[in-house]
Structure formats: C-alpha cells, structure tokens
Amino acid sequence: MERTSVLGPKSLYPKGPSFTLENFSNRDFIVRDFVESLADSAVPINRRSGPAQPAFDPKPLIRTFENALSQLANLGEELQEKESELLSQVRRAEIQHNQTLDTLGRKLDQSMLSFEKLDFSMDQTPNNPAEAPKRGDGGGHVAVQIGEKLEELDRKRRRAQDAQFLIQCWTEVSETGQLGSLEDIRRQATAENQIRCAVIARQLTRISQQLDHTLWQTAGHTSTISATNGLGSPTGKMHNTREILEKFCESLERDLLEQFNSSYRRQNFDDMMECAKVLYDFNGGASVIANFVNQHQFFIDRDQLLQDEGMVDNDTWERLADPDADPPNVEPTLQSLVDEVKLVMQEESFIIKRAFPYYEIVLTKFTQRVFQQSIQQRLEKVLDKADSVSSLAFLRSIHSSRSYISALIEDLKTHGLTEHPEPCSAQVAQVLDQQIDELFVPYLVGNLYIDREKKSLEEMYSSLLFKFTMYHSKRKKAPTGFMASLAQQGTQLMASAKDAYLERLDSSDLTPTQKATMLRVAGLHERDTTNEIELSEDDGTLSVTNAKRMMKWLAESVQRTLELGSPAETAKDMSMLLNLLLTNMGQVYVETALEAAHSQAVSLEHAKAEPDLSYMPAIRPAVTIAAIMDRFITTVLIRLADSNTTVRKSMEAQKKMAMDSIEKKTNAVMKISIDVVTNWVTKALSQQKKQDFRPKDVELESLQTATCLSICTFLSRAGKHASAAIDGQNAEKFFSELALVLHGLLFEHFKKFQVNATGGLMVTQDIAKYVSMIREWPLAKDIGNAIEQLTEIGSLFIVGAEALKEKSRQLAPGQNSNKGKLSKADFRAFVQRRDDSGSVGIQHMLSGL
C-alpha cells in the first residue's frame, strides 16, 4: 500500500497516511502486512545508525486510526438502516402471501362443494330414487352410458348421411352418367376427402355389380342398356355404370398414387399411410406396393451399375482356379451390392413401417424384388464368369457368395427391419430364408452340386498323379502268387486314371484356364501333351507333400459340401468323397507304390549280384500317407456320416478293407525283403572257402575272412534301407525276424569248416563282426540273447581242453539249444571241427557228455 503525502502549508503536527474502505475490503488485505507497512513508514530504516535520529512520534498514527473508526461508525449506521428496511418488506410479503392462500382455499372449497352437488344430482334417478347408486360410484357410469349413446347416435347420423349421399351418387351415375357430387369432394384434394371418395366409389361399384349384374357378366360394354331395376331412369335407359365407375376409380387411383409419391418425396408418412389404406381397398394395395418397389431409386441405380460394372482382373480369377491357393473372398462387385442391400433394407424398412398399415406385405415384396432382381442378376453374372474359368473357380465362387449372402440374411434378421430394435418376425425370417434358397437352388438341386465337386477333385487328382501313373504303367511288372491278383486291380485303375486325364485335356469344354491349371498341377507344359513325356525316378516315388495337397483339396470340398449340400444327403456325400479318396490316394497312389516295391523285391529274390534294397525307403511314405488318410477318414468323413447308421457302417467297412489291403501289401514287401537278404547271405556263406579257417602263418593277412566282410557290408546297407522304411515296433519285428534267420544261418555255417588254432581266432573275429553288426539293429530282448550265443560258439574254437570241460557243464539238458545255452549235440558238432579234436583230453571230455 502506497503512502500518500499532503501538499500545502506545513501543519503543526505531521500527518500520517490516509485510508478508505476499499483498502480494507480488498481480497489481498492482510493485517500483518498492513501493520508492518505502517511501522516501516513511521520508523526510518536507519534509526539505529546514529544517536542524532529523532524519537518515534505516534500521533500521526493515532489520528489515522481515529479517522478510520469514525468511518466505520458511519458504515454501521447505514447497514442498520438497510436491514430494518428489508425486514419490513419481508413482513409485508408474508402478510400478502397468507391472504392469497386463504382466498385460494376458499375457492377450492367452493369448487369441491359444487362438484359434490353435481355428483349427487347425477346419482339420483327420477323413477326410483331409493335405488340410486351410491355417491361417487354411479356418476361416471351414467356419463359413460350417455357418451356411448351419443356416439351411437352420431354413427347412425353419419351412416344415414353417407347412405343418403351414396343414393344420390348412384342416382346421378345411373340416370345422368355423371359423378358430380363425388367429383366435388374429390376436387377438394385433401387426404380425408380422397379416402372418402375411394370408399364411396368402392360402394358404388358393389351396387353396380348387384343391380347391373349383366354389365359385369358380359365382356363387351355398350353405351346404354335397358333398365332392369326400379332405380332406372324414367326413359327406361340406364348408363353403363361399370364403365363410368371403372374410369373414375382408375383416375382416383392415379391421383392417390401421385399423392403417395409426393408425400414420399416430402417424407409425409401420415399422408402415405392414409393413401396406402385407401389403395388397399381398391386392389389389396398391389398398385401402391408395385409403385413403391418398382420406382425405388435403388433399383434404377443398380440397373445402370449392372451395365457399367466390370468383373475383377484375370489374375484374381486365375488365383481362384488355383487349387493350392487359399479360397478367396466373395467377388468384389457382388460384395459391394450385398453391403448396399443391407443398408437400403434397413433404411427402407423404417419408412415401410411408418407408411404402410400392411407393412409386412410391402417388406416381403421389397425383399423379393431386391433378391430376385438385383442380387440374382449379379450372382448369375459372377457364377457364369467363374464357370467359364474352371470348375474349381465356380465351386469356390458359389460357396463364398452363399456364405456372404447368408451373413446378410442373419444380419437382417438380427436387425429386425420393421421390428427394429427387436429381431424380425417369424414371417419375415421365413421370407428371407426363402430368398437365399431360391437364389442357389438352380445350382444345388439334386446331385448337380456334388457331381461338380467329384468332377473337380477327379481332375485335380488325375493331374497330380499323372506322371506317377505314367511311370508305373511303363514299369515291367512280374508279380507272382499272392501279389498277382492284387496288382491287377491297381494296373487297371492306373490305366483308367491316365486315360481319363488325357481325355479330359482333349475335351472341347475344358476352358483355357482350367487346362493350364491341370498342366501346372501335373508338372507338364503344353508341348508335353504332344511329345513323349520325360519321366524320372522321383516321378514314381511317393510324396507325403503331394498326399497333403490331396488331403487339403478334399478338406476344402468337405467344407463346401457341409455348407452347400443338403443336410439329409451329408452322409451319402461323405461316402462318395471317401470312395474318391480311397481310389485315388489309397489304390492308385499308395498301393501302386507298394506293388512296385514288391515287384522289385521279387526280382531280387534270387539275384546273382548283390541285391539293391533301395526300394525299401518307399515304404515309409506309404505308411505315413496311410496313417494320415486313416485319421482323416475316422475323425472327419465317418463322423460326419453319423446321421445315417447304414452309410456310416458301410464307410467303416470300406476304410477297414482299404487299410487292411495297404497293410497286407506292406507286410508282403517286408517279408520278401527278409527273403532277399536271407538268400543273398546264404549265397555269400556258401562261397566261404574250406581252408579259410585253417590258414598257415605265412598266408595270414587278416583275422577276418573276405566273406565276413562282404556280408557285413551288405547287412549294413540293408539295415540302413530298412531303418529308412520303418521304425518303432515295426522295425523291431522286422530286424528281430531277420536276426533270427541270420542266427540260424551262421549257427549252421560254422559246423561245416575245420578250424586250426589260428583259424579259431578268425572264427572268433568273424562271429564278433557279425554280432556287432546285428547289435546295431533294434531287436527284441529274447532275440538279443540268442545272438549273444554266437559269441559263445567262437570261444569253443580257441580255448583248451580244460576250458572246454568246464563249458560242457553249462550245456542245455535237452537235445536242442535254448535260453542262450548250447545243446550237447551242437557242442559236440562244433568241438569236433577243431583240428585237435582227436587229442586225448578232448576225446575224454566228449566221451563224458
């Protein structure tokens, strides 16, 4: 706060600062700061700097506070006066309010008293006052009765007036051929008068039909006819009322339709509702419904767009025809139309509900027109284009289109249309469902759809397996015995598949895109169909990747069949797809490869050179593909056929028969493979030289014979091929059986050769090599113990007589070897092949057996 100075002559006493009310009423006023500012202004800052400073003078401050106190006293007096005045005004207002309440209370009491008197007077009856109803109970009832009587009288009066006017109009039209009175009402051009004209015209038409029935029975009309009733003209002639009334009604109907259209443009729903009611009396509302639907801007715009819109580019259609590409979405122009239909129907249903009393009929007509004209035309155009591309493109297009339109139906049902926000009524839901059925029935009727699916799958399968069937059809087959009958059916299937593919390629109804797709799937070029097709070994081998492609194509067909096919025919459709799968993947593909492997194994069974077992790895993809096929059939196809027990059991039997056939052929290949290995090992062992185990020291180059080395090398390659073909329990059974056969061959082999001391070491090394080789295979436990017995045989050729005597105590009690122990006969046979078997110690030991 600034300190003010006073200018003028110097007073006797110094003046302090002056203040006003605003200084103390300010929001920033703080007492402590105020006092500090006063002290600062009264006492100089340098008051302690020297003794010459004057003493503090409080008089200016005292005068300042006195001035402030006097101003506060004046303000207090003013506040007291204003408070007194306000209190006086409040007392006057309260007195006036109380007087107003008393006046209103008296008026209310008077009104209630008057009402009670009126009510009591209404309760009294002049004939029998004693039976008058109780107070407060009968007055309302009497009033209602009076009102009903008045309404009835008013209706009778109106009916009498209407009857009078109707007779007047009929007299006019029958006698003068004019409808002047009715035209006067019509010219007033109000909605109410238009409705009245329509009602009267309809009644006049009925009168004409009853009184002038001959006019309505004859096809032709004449200007006048003889009067046939008492209401005719005095001249005996009556005008053609039918013709006159029909022309008037037609003109009135046109006017009402124009009025309806005008109201529609102005969004006058009440007027539209009145016009629709009148026109319903004319012809059931057919004209106004047709006018509303046919002239709707949506249909005009879409008809123009249908001429202007083009299809998507060719690359999109080629992807649609590619079986390895994912199924695309719905065609863009159809999608755009369906999205627009959704919005239009939701918007128009709101207008229909407010403009038509019979709104469900109108909504039905509008829905039918939308689907049967706009959507159907676009759908036909899309499907015709897809059909000109390929069978798969057509199937994918019809599936995506139906799915998208079905989603539209469900959205409309949920929205409710005229029942929005509630779901639509059962009648409208039925109409919507009927529309989608009518759209797609021409493409799905009977077996038309499932035959297309079958044809498409057959084309793709035959294309994919073409090189495979070509390779095996050129392969020389020499099956014998059990496999001869099994191979015959496979050969016929391959030939038919190859012929069907070539015939389809040459077909005139095959589109260029579909032909290109088939050639691409087959791995061919256009020139390959006219020249000799080059084939490689890979073309004749099984591929799990190709099998998965075939399963993917089938799964896509199953999905389409479930959504497009009839639920009642689902089981039969799944049975058809199962037959297709078992024929192409089971017989033509898997079983053909197994037959080829078996034929190759048969040709090697008595081979003169070391057999090549490279055919065995083909078994592994055969087993894998069979497992995939079995799982898909069980979890998908058969399960989807549960609705038909007969068909399901038939499918289960077909699957079991097919899997058994594949299993038998696989077992046949593995069995003949054991024979091939066994025969070659037998032949190799027979080439062992008699003196191989009686070497001279100068001739000794290795402790292992060449026969052993060659056999072990062969067995190593055979084991690798077999391991690539089978695994798990199948591998254990195969190798255990092969090991048991080899054990028998080696067991008897070493009984045939004389062995000297050095040769005993060679026998031991050969046996150790054989055992080491066989140990690498997955064997059953008992077979492993039997193989270890071969090691014991080797030791019989190198230990001394005392050791032999000790071993003789561990022989099996019977005549045959068992549980890893040698029999006495086998022990004697091996020991006698030693060069020193004639010594006294060994003979003594043998004689003691």
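Residues numbered from 1 in each chain as written. Predicted model: local features only at pLDDT ≥ 70, side-chain atom pairs only at ≥ 80, totals over all residues. Heavy atoms only, no water.

## Observations concerning the overall build of the protein chain
Okay, step 1: Secondary structure assignment for the protein chain yields 31 helices and 2 strands.
Okay, step 2: When the 849 residues of the protein chain are sorted by exposure, 40% land in the buried category.
Okay, step 3: Contacts spanning at least 24 positions in sequence make up 75% of the contacts within the protein chain whose residues lie at least 6 apart. (Helix = DSSP H or I, 4+ residues; strand = E, 2+ residues; numbered from the N terminus. Buried < 20%, exposed > 50% of the residue type's maximum accessible area, 1.4 Å probe, protein only. Contact = heavy atoms within 4.5 Å.)

## Examining the state of the cysteines
Okay, step 1: Within the structure shown, the criterion is met by 0 disulfides.
Okay, step 2: Residue cysteine 197 stays outside any disulfide, its sulfur separated by 8.6 Å from that of cysteine 169, the closest cysteine.
Okay, step 3: Classification of cysteine 197 as buried rests on a relative accessible area of 0%.
Okay, step 4: No disulfide involves cysteine 712; its sulfur sits 4.0 Å from that of cysteine 708, the nearest cysteine.
Okay, step 5: Among the residues examined, cysteine 712 registers a relative accessible area of 4% and is labelled buried. (Disulfide = S-S within 2.5 Å.)

## Description of the packing of helix H8 (residues 241-265) against helix H9 (residues 269-283)
Okay, step 1: At their nearest, the axes of H8 and H9 sit 9 Å apart, and the two run at 150° to each other. As the angle between them shows, H8 and H9 are arranged roughly antiparallel. Between H8 and H9 lies a crossing of left-handed hand. Residues Cys249, Leu252, Glu253, Leu256, Leu257, Gln259, Phe260, Ser263 and Tyr264 of H8 lie in contact with H9, whose contacting residues are Asp271, Met272, Cys275, Val278, Leu279, Phe282 and Asn283.
Okay, step 2: For the contact of H8 with H9, the class distribution of residues is 11 nonpolar, 3 polar and 2 charged. (Axes fitted to C-alpha atoms, helices over the stretch in contact; angles between N-to-C directions. Parallel < 35°, antiparallel > 145°, perpendicular 65-115°, else oblique. Left-handed = near helix turned anticlockwise from the far one by under 90°. Nonpolar A, V, L, I, M, F, W, Y, C, P; charged D, E, K, R; others polar.)

## A closer look at the packing of aromatic side chains
Okay, step 1: For the coordinates displayed, the defined rule picks out 17 aromatic pairs.
Okay, step 2: Chaining the aromatic ring pairs together yields one cluster made of Phe260, Tyr264, Tyr280, Phe292, Phe356, Tyr358 and Phe366.
Okay, step 3: Directly above the aromatic system of phenylalanine 440 lies the positively charged group of arginine 402, at a separation of 5.9 Å from the ring centroid.
Okay, step 4: Taking the ring centre of phenylalanine 753 as reference, the NZ or CZ of lysine 690 above it sits at 5.6 Å. (Phe/Tyr/Trp six-rings, centres within 6.5 Å; stacked < 30°, edge-to-face > 60°. Lys NZ or Arg CZ within 6 Å of the ring centre and 35° of its normal.)

## Re unusual backbone geometry
Okay, step 1: With an omega dihedral of 5°, the bond running from histidine 420 to proline 421 counts as a cis peptide bond.
Okay, step 2: Within the fold, proline 421 resides in the loop between helix H15 (391-415) and helix H16 (426-444).
Okay, step 3: Even without being glycine, glutamine 267 reaches a positive phi, approximately 60°.
Okay, step 4: Mapped onto the elements of the fold, glutamine 267 is located in the loop between H8 and H9.
Okay, step 5: In this structure, leucine 417 takes a positive phi of about 55° despite not being glycine.
Okay, step 6: Checked against the element boundaries, leucine 417 lands in the loop between H15 and H16.
Okay, step 7: Take leucine 417: its relative accessible area is 3%, and that puts it in the buried class.

## So, the confidence of the model for the protein chain
Okay, step 1: On average, residues of the protein chain score 82 in pLDDT, and 83% of them reach the 70 mark or higher.
Okay, step 2: Counting contacts from residues 129-136, a segment whose pLDDT is below 50, to residues more than four positions away or on other chains yields 12 contacts. (pLDDT = per-residue confidence, 0-100.)

## Considering helix H17 (residues 448-464)
Okay, step 1: Taking 1.5 Å of rise per residue, 17 residues should cover 24 Å, and H17 covers 25 Å from first to last C-alpha, within 8% of that figure.
Okay, step 2: When we look at burial in H17, the residues that qualify are Tyr449, Ile450, Glu453, Ser456, Leu457, Glu459, Met460, Tyr461, Ser462, Ser463 and Leu464. (Expected span 1.5 Å × (residues − 1).)

## A few points about helix H5 (residues 180-187)
Since the α-helix packs 3.6 residues into each turn, any two residues three or four apart lie on the same face.
Okay, step 1: Restricting attention to buried positions, one finds in H5 the residues Ser181, Leu182, Ile185 and Arg186. Down the axis of H5, the buried side of the element spans an arc of 140°, and every buried residue falls inside it. (Arc of directions from axis to C-beta.)

## Points about the pattern of salt bridges
Okay, step 1: One pass over the full model with this rule turns up 30 salt bridges.
Okay, step 2: Note that glutamate 610 is salt-bridged to arginine 717, the shortest N-O span being 1.9 Å. Note that glutamate 610 is positioned in the loop between helix H22 (570-604) and helix H23 (619-640) and arginine 717 in helix H25 (residues 706-725), a separation of 107 residues in sequence.
Okay, step 3: Each of Asp322, Asp324, Arg520 and Arg549 takes part in salt bridges that share partners, so that together they form one network. (Salt bridge = Lys/Arg side-chain N within 4 Å of Asp/Glu carboxyl O.)

## Some words on the environment of leucine 564
Okay, step 1: Its location among the elements puts leucine 564 in helix H21 (residues 544-564).
Okay, step 2: Given the relative accessible area of 5%, leucine 564 is considered buried.
Okay, step 3: With 169 residues separating them in the primary sequence, leucine 564 and leucine 395 have C-alpha atoms 9.8 Å apart.
Okay, step 4: Those residues within four positions of leucine 564 in sequence are excluded, and the remaining contacts are Ile398, His399, Arg402, Leu444 and Tyr449.

## With respect to the packing of H22 against helix H24 (residues 645-686)
Okay, step 1: Contact pair H22 / H24: the axes reach a minimum separation of 10 Å and the direction vectors enclose 10°. Comparing their axes, H24 and H22 come out roughly parallel.
Okay, step 2: Class assignment for the residues of the contact of H22 with H24 results in 18 nonpolar, 7 polar and 5 charged.

## As for a nonpolar patch on the surface
Okay, step 1: Where nonpolar side chains cluster on the molecular surface, the patch consists of Leu21, Leu69, Leu72 and Leu75 and spans about 380 Å² of accessible area.
Okay, step 2: With respect to the element layout, leucine 69 can be found in helix H3 (residues 59-123).
Okay, step 3: For leucine 69, a relative accessible area of 57% translates into the label exposed. (Patch = residues over 30% accessible without salt bridge, like charges linked within 9 Å, V, L, I, M, F, W, Y side chains within 5 Å. Areas by Shrake-Rupley, 256 points an atom, 1.4 Å probe, with all protein chains shown as cover.)

## What about the environment of methionine 550?
Okay, step 1: Of note, methionine 550 is situated in helix H21.
Okay, step 2: The buried category is assigned to methionine 550, whose relative accessible area is 0%.
Okay, step 3: Placed 35 residues apart in sequence, methionine 550 and methionine 585 show a C-alpha to C-alpha distance of 7.9 Å.
Okay, step 4: Excluding residues that lie within four positions of it along the chain, methionine 550 makes contacts with Tyr461, Leu464, Leu465, Asn584 and Met585.

## Some details on the nonpolar core
Okay, step 1: Counting residues in each nonpolar core, the largest one holds 77 residues, and the members touching the most others are Leu182, Leu204, Phe356, Phe371 and Ile375.
Okay, step 2: When residues of this core are sorted by domain, at least three fall in each of domain 1 (154-211 + 239-295) and domain 2 (296-445).
Okay, step 3: Residues contacting phenylalanine 371, with those up to four places away along its chain left out, are Met345, Gln376, Ile405, Leu408, Ile409, Leu432, Gln435 and Leu439.
Okay, step 4: In terms of nonpolar packing, the next biggest core, distinct from the first, is built from 64 residues, Met616, Val681, Phe747 and Phe827 among them. (Core = buried A, V, L, I, M, F, W, Y, C linked by side-chain atoms within 4.5 Å. Domains from an automatic or database assignment.)

## Quick look at the environment of lysine 342
Okay, step 1: Residue placement: lysine 342 occurs in helix H13 (residues 332-355).
Okay, step 2: On a C-alpha basis, the gap between lysine 342 and leucine 412 in space is 7.1 Å, while along the polypeptide they are 70 residues apart.
Okay, step 3: Apart from residues no more than four positions distant in its own chain, lysine 342 is found in contact with Leu408, Asp411 and Leu412.
Okay, step 4: A distance of 3.4 Å separates polar atoms of two side chains, one belonging to lysine 342 and the other to aspartate 411. (Polar contact = N/O pair within 3.5 Å; in protein donor to acceptor, adjacent residues only side chain to side chain.)

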